[in-house]
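Residue-level structure breakdown
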Amino acid sequence: MPDRPEVTAVEIARLAGVGRAAVSNWRRRHPDFPRPVGGTDSSPAFALAEVEAWLRSQGKIAELPLLERVWRLVETLRDPAGHPAAPLVRAGAVLLLHHREPDRWAALADQPDTRLATALPRALADTARTVFGPDAATGNGTEGSDGSDGATGLGRPGLFGSTELDLARLLARLAAEEGPAAGYEQLLTRYAEANTRQLSPTPPEAAELLAAVAGVPATVLDPATGLGALLLALPSTTDRYGQDTDPVTTALARLRLALHAPATDPAPLPVDLRPGDALRADAYTGHTFDAVLCQPPYNERDWGHDELQFDRRWPGGLVPPRGESELAWVLHCLARTRPGGLTALLLPPTVAARRAGRRVRAELLRSGALRAVVALPAGAAPPYGVPLHLWVLRAPRPGDDFRQVLMLDAAATSPGSAELAEGGRDKVRWPELRRTVLDAWRAFDLAAREGLPLPEDRPGRYRTVAAIDLLDDETDLSPARHVPPAAPAGGAAGLSHLGGRLTELLAGLADPGTLLPGPAADPVPGAGGGAGPVVTLGELVRAGLLEVHSSGAGAPTRPAGTDPSATPVLTDQDLVTGAAPGAVLDRAAAEGTPLTRPGDVLVPALGGGVARVVGPGGPPAGAALGRQLHLLRPDPAALDPDFLAGHLRSTAAARRAASHASTTTRLDIRRVELPRLPIAEQRRLGTAFARLAVFDATLQQAAALGHALAQTVTDALAAGTAEPPPAP
């Protein structure tokens, strides 16, 4: 374990808001750049304090952000032989003390280190026992493989070292500035981003959807808890139970739930999370719950098929095939649901159609357990490139002969819902998706429970199918196979509108001949690599003629709602596609976040060839920066924005200022070169660049609209809802 925080070149780049190539250049060009103190030749490590001092002396950062300082100390406390998240358990415990007993921390804060080193661990242990009950001291009898307490890591008060005390004081500042729960969320997000192979947290929007489907249950189980996202979406008054194979992750989830519960909630909290493999070592054998919510691990080959051959959870002894681990989780969740209770799972779409699982699917249909299969758009939950399915089941009750299944295609492509169908992590329109799913499910479920007429089918969106009609050689439960396509929106009038809009766009395109330049009598000095004076953007920054703001991971966001005062967040994908922002700035991060102004130039950090000027027809003013964006703010008296954006879109700029350390091209914005030209000449060229940008954007809109029109007419002709035009 290092005795002081260390950072790699990638982390230095993130601190300074630059690419990794820039850090390599600093090491070569600046003899006073800090020397490596560890790591390897290919990935050296540097002392954080030395790096921070050097960056500050060079004017590249003013002060290391508080969250970054906290994270560095967390990294310092990490034991290479232990669990990577173990320090976050203690960090969460300190924040829990601030949340539940702020006065006790205030009394400890002024203590000398020699007394605080023993008093603080005792205080954390006392708080854990109060909040979680007496089992907090033993972790339900289970310890982690790294020796940490399986439940909270606080059962045995110990001795804090100087680094742990420094971390505790920084956490006190973080709690004061962000709040204990929000501060812990930032640390968990950082940990999840650094361990994407081990963790794939369910996003809060998806978790809230599953919780809304479940209604208002009194007891809920999540047998694959992870960081507790699904349980967190439920009210803190709900009795929440969970299990996870990783004891430390279980501890993190338990602390997370406690931090989000109001400090006034009576203790001990109704939270019972236990470590262990829910399939092989079910911690809740013999218990049933009002609802079970789960996003299980996918594609597990070693899930316990051989040793669970005679398990009582398999109906009629029907053992899920070895390659159908997801169906094993479905049956496990159903077995832990009380009769009439609800089970909801997020599953890969292949589970609905793989031939090996058809017998299990058929049994779910015959028993009446399966009630709905909902196809979600790609980007709703990890893996974000896959359009997951939401399965909703009810544990059968004696005498319940309801045998109908709701097939809901919430990812269906239909005119007027392109955004919903398009998918993508930042493109899912959660308010529309939530309304679509819940309206259809609640109407169907009410009819099923009360014996009312089932809601009428809606082509292109949902259909009620009798279970017997799904029982065939394949038993394919994919909604796309059972929901008929929707008729074109607006019928002939809608098609006419699309055609008219396309004609309007094409008519608005400038004559290409007016955009083509003539040959220059003399090449522009410095352009295209020719002779003549040039200046880099880095030099313009040092001269005070240009400001550069790099977003790095971007500002924290939340889904766009109906609040008109919310600050929109522009992502790199929004910039590339020209789409409107789909998220807004999280209130906790709104203060001090740079916002776009008219005349700013926005450039994606990854890739090249895209640069847009904020203003009419471009990105909106007053937006915050999402991930991987550069904001350039030129002095308009010395540097024309359209001139700057035009050169950033040029092939030469992307070629000379790009780094290729991996398969992704990253633009080192400060290396971009511009010809030194008078402001009048800049504006003349900027006008030409701006006209070309408008031409290109209009052409892309026309292409997209033309494709939509062709697809809509094709679907209408194939469905027999439109007649072909007369032959010419």
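All figures in this text were calculated on a predicted structure; none of them were measured in a lab. (Residues numbered from 1 in each chain as written. Predicted model: local features only at pLDDT ≥ 70, side-chain atom pairs only at ≥ 80, totals over all residues. Heavy atoms only, no water.)

1. So, the packing of aromatic side chains
Throughout the structure, instances matching the rule amount to 9 aromatic pairs. Between the aromatic rings of tryptophan 441 and phenylalanine 444, the centroid separation amounts to 6.1 Å while the plane-to-plane angle is 40 degrees, which identifies the pairing as tilted. Here tryptophan 441 and its partner phenylalanine 444 are both found in helix H16 (residues 430–450), 3 residues apart, which amounts to about one turn of the helix. A single burial state applies to tryptophan 441 and to phenylalanine 444, both of which are buried. (Phe/Tyr/Trp six-rings, centres within 6.5 Å; stacked < 30°, edge-to-face > 60°. Helix = DSSP H or I, 4+ residues; strand = E, 2+ residues; numbered from the N terminus. Buried < 20%, exposed > 50% of the residue type's maximum accessible area, 1.4 Å probe, protein only.)

2. With respect to the pattern of salt bridges
Summed over the entire model, instances satisfying the criterion amount to 26 salt bridges. A salt bridge links arginine 338 to aspartate 290; the shortest N-O distance between them is 2.7 Å. With arginine 338 in strand S8 (residues 337–347) and aspartate 290 in strand S7 (residues 289–294), this residue pair connects regions lying 48 residues apart in the sequence. The salt bridge involving glutamate 326 is made with arginine 354; its shortest N-O contact spans 2.8 Å. Taken as a pair, glutamate 326 in helix H13 (residues 325–335) and arginine 354 in the loop between S8 and helix H14 (358–366) lie far apart in primary sequence, 28 residues in all. Judged by relative accessible area, glutamate 326 falls into the buried class, the value being 0%. (Salt bridge = Lys/Arg side-chain N within 4 Å of Asp/Glu carboxyl O.)

3. Remarks on helix H12 (residues 247–260)
In an α-helix there are 3.6 residues to a turn, and that puts residues three or four apart on one side. Taking 1.5 Å of rise per residue, the 14 residues of H12 would be expected to cover 20 Å, and the 20 Å separating its terminal C-alpha atoms lies within 8% of that figure. Among the 14 residues in H12, 13 count as buried, and that is most of the element. (Expected span 1.5 Å × (residues − 1).)

4. Some details on the packing of helix H10 (residues 204–214) against H16
Relative orientation of the contacting elements H10 and H16 amounts to 15 degrees, with a least axis distance of 10 Å. Considering their axes alone, H10 and H16 lie roughly parallel with respect to each other. Crossing of H10 against H16: the hand is right-handed. Taken together, the residues of H16 that come into contact with H10 (itself represented by Glu205, Ala206, Glu208, Leu209, Ala212 and Val213) are Trp430, Arg434, Val437, Leu438, Trp441 and Arg442. Residue classes in the contact of H10 with H16 are distributed as 8 nonpolar, no polar and 4 charged. (Axes fitted to C-alpha atoms, helices over the stretch in contact; angles between N-to-C directions. Parallel < 35°, antiparallel > 145°, perpendicular 65-115°, else oblique. Left-handed = near helix turned anticlockwise from the far one by under 90°. Contact = heavy atoms within 4.5 Å. Nonpolar A, V, L, I, M, F, W, Y, C, P; charged D, E, K, R; others polar.)

5. Topic: the sheet that holds strand S12 (residues 462–466)
The strand order across the open sheet built from 9 strands is S6-S5-S4-S7-S8-S10-S9-S11-S12, with neighbouring strands paired in mixed fashion. The open sheet has two free edges, formed respectively by strand S6 (271–275) and S12, since each of these has just one partner strand. Recorded for the sheet is a direction-independent mean angle of 15 degrees between the axes of neighbouring strands. Examined bridge by bridge, S7 and S8 share 5 bridges and lie parallel to one another. Across the sheet, leucine 293 pairs through a bridge with alanine 344, a residue of S8. (Pairing = 2+ DSSP bridges.)

6. A closer look at the environment of glutamate 52
Inspection of the secondary structure puts glutamate 52 in helix H3 (residues 48–57). According to the relative accessible area criterion, glutamate 52 is buried, its value standing at 15%.

7. Overview of the sheet that holds strand S3 (residues 44–47)
Overall, antiparallel pairing links the 3 strands, which are arranged S1-S3-S2 in an open sheet. Lying at the two open borders of the sheet, with one neighbouring strand each, are strand S1 (6–8) and strand S2 (38–39). Contacts from H3 reach S1 and S3, with the element oriented near 75 degrees to S3.

8. A short note on the pairing of S7
The element S7 is largely enclosed, with a buried count of 5 among its 6 residues. Strand direction decides the pairing type here: strand S4 (residues 219–222) and S7, joined by 2 bridges, are parallel. In the strand pairing of S7, valine 220 is matched with alanine 291. Handedness of the crossover joining S7 and S8 through H13: right-handed. (Right-handed = clockwise from strand over helix to strand, strands pointing away.)

9. Side note on the nonpolar core
With 94 residues, the main nonpolar core has Leu88, Leu120 and Leu390 as its most contacted residues. Residue contributions to this core peak at 9 residues, all from helix H7 (residues 113–132). Not counting residues within four places of it along the chain, the set of residues in contact with leucine 88 comprises Trp71, Val74, Tyr184, Leu187, Leu188, Tyr191 and Leu252. (Core = buried A, V, L, I, M, F, W, Y, C linked by side-chain atoms within 4.5 Å.)

10. A look at the side chain of histidine 482
By the element assignment, histidine 482 lies in helix H18 (residues 479–482). In this structure histidine 482 touches Met407, Arg463, Val465, Leu470, Asp476 and Leu477, once residues within four positions along its chain are discounted.

11. Regarding the state of the cysteines
By definition, a disulfide is the covalent link that joins the sulfur atoms of two cysteine residues. Scanning all chains against the criterion turns up 0 disulfides. Lacking any disulfide linkage, cysteine 294 is separated from the closest cysteine sulfur, that of cysteine 333, by 4.2 Å. We classify cysteine 294 as buried; its relative accessible area is 0%. (Disulfide = S-S within 2.5 Å.)

12. What to know about the side chain of arginine 256
Turning to its location among the elements, arginine 256 is positioned in helix H12. Given the relative accessible area of 11%, arginine 256 is considered buried.

13. Considering the confidence of the model for the protein
In this model, the protein carries a mean pLDDT of 84, and residues with pLDDT of at least 70 account for 85%. Scored below 50 in pLDDT, residues 137–152 makes 40 contacts in the model with residues more than four places away or belonging to other chains. In the predicted structure, residues 413–423 sits below a pLDDT of 50 and forms 21 contacts with residues beyond four places in sequence or in another chain. (pLDDT = per-residue confidence, 0-100.)

14. A closer look at unusual backbone geometry
Glycine aside, a negative phi is what most residues show, and trans is what most peptide bonds show. Look at the link from alanine 267 to proline 268: it is a cis peptide, with omega at 0 degrees. Tracing the backbone through its elements, the reader meets proline 268 in the loop between H12 and S6. Cis rather than trans, the peptide bond between proline 382 and proline 383 has omega equal to -5 degrees. The residue proline 383 is located in the loop between strand S9 (370–375) and strand S10 (389–394) in this model.

15. Digging into the environment of glycine 228
By the element assignment, glycine 228 lies in the loop between S4 and helix H11 (229–232). Along the sequence, glycine 228 and threonine 250 sit 22 residues apart, while their C-alpha atoms lie 8.2 Å from each other. Excluding anything up to four places from it in sequence, glycine 228 contacts Ala253, Arg256 and Leu257.

16. Quick word on H16
For H16, with 21 residues, the first-to-last C-alpha span of 29 Å sits near the 30 Å given by 1.5 Å per residue. Within H16 the residues assigned to the buried category are Trp430, Leu433, Thr436, Val437, Leu438, Ala440, Trp441, Phe444, Asp445, Ala447 and Ala448. Positive phi shows up at glycine 451, right after H16, with a value of about 70 degrees.

17. Examining the pairing of strand S5 (residues 239–244)
As judged from the 4 bridges shared by S4 and S5, these two strands associate in the parallel manner. Note on S5: the bridge partner recorded for valine 220 is arginine 240. Inspection of the sheet shows S5 paired to S6 by 5 bridges, in the parallel sense. Across the sheet, the residue bridging to aspartate 244 is proline 275, located in S6. A crossover connection joins S5 to the parallel S6 through H12; in handedness this β-α-β unit is right-handed.

18. Here's the deal with the packing of helix H23 (residues 641–649) against helix H25 (residues 679–719)
With their axes 7 Å apart at the nearest point, H23 and H25 run at an angle of 60 degrees to one another. By the angle between their directions, the pair H23 and H25 is classed as oblique. Between H23 and H25 lies a crossing whose hand is left-handed. Between H23, through Asp642, Phe643, Gly646, His647 and Arg649, and H25, the contact on the second element is made entirely by Gln682, Leu685, Gly686, Phe689, Ala690 and Ala693. In terms of residue class, the contact of H23 with H25 is made up of 5 nonpolar, 4 polar and 2 charged.

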